[in-house]
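As a plain string of letters, each chain reads:
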Amino acid sequence: MGKRAKLVTRVGEIKQPTGQVRDPAREAQVLAQVRRLAQHHGLSQDITETVYRILMDYFVDIQLNQVTSQTL
């Protein structure tokens, strides 16, 4: 997660201040894949999706803060 946070921060530095951080279509693809993998490994699809949604929201917040700080 630490590596992912660093990558997200770096991407936020590169994006334009008005750049779009969320990509609903991509998020839907990731969540569909997460659900398939959870099922394959005998895990709860709902709980696994919830965890991934929390992580995605956290990383989006990091990037939004990064983009916002560029405009100040």
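## Remarks on the packing of aromatic side chains
Where two aromatic rings form a pair, the distance of their centres and the angle of their planes describe that pair.
Part 1: Here the structure, examined in full by the defined rule, presents 1 aromatic pair.
Part 2: The ring of F59 has R4 lying over it, and the distance from NZ or CZ to the ring centre is 5.7 Å.

## Here's the deal with the confidence of the model for the chain
Part 1: Per-residue confidence for the chain gives a mean pLDDT of 86, with 85% of residues at or over 70.
Part 2: Mean pLDDT values over the elements of the chain span from 80, in helix α1 (residues 2-14), up to 96, in helix α2 (residues 24-40).

## Here's the deal with the layout of surface pockets
Part 1: In this structure, the largest pocket encloses a volume near 570 Å³.
Part 2: Forming the walls of the largest pocket are 19 residues, and the residues nearest its centre are R4, V8, V30, M56 and F59.
Part 3: Looking at the lining of the largest pocket, the elements that each hand over two or more residues are α1, α2 and α3 (45-71).
Part 4: A total of 6 residues in the lining of the largest pocket trace back to one element, the largest contributor, which is α3.
Part 5: Tallied by class, residues from the lining of the largest pocket come to 11 nonpolar, 2 polar and 6 charged.

Cut-offs applied
- Residues numbered from 1 in each chain as written.
- Predicted model: local features only at pLDDT ≥ 70, side-chain atom pairs only at ≥ 80, totals over all residues.
- Heavy atoms only, no water.
- Phe/Tyr/Trp six-rings, centres within 6.5 Å; stacked < 30°, edge-to-face > 60°.
- Lys NZ or Arg CZ within 6 Å of the ring centre and 35° of its normal.
- pLDDT = per-residue confidence, 0-100.
- Helix = DSSP H or I, 4+ residues; strand = E, 2+ residues; numbered from the N terminus.
- 1 Å grid on protein atoms, 1.4 Å probe; cavity = no way out; pocket = protein on both sides within 12 Å on 5 of 7 lines; lining within 4 Å.
- Points joined across faces, edges and corners; volume = space filled by probe spheres on them.
- Nonpolar A, V, L, I, M, F, W, Y, C, P; charged D, E, K, R; others polar.

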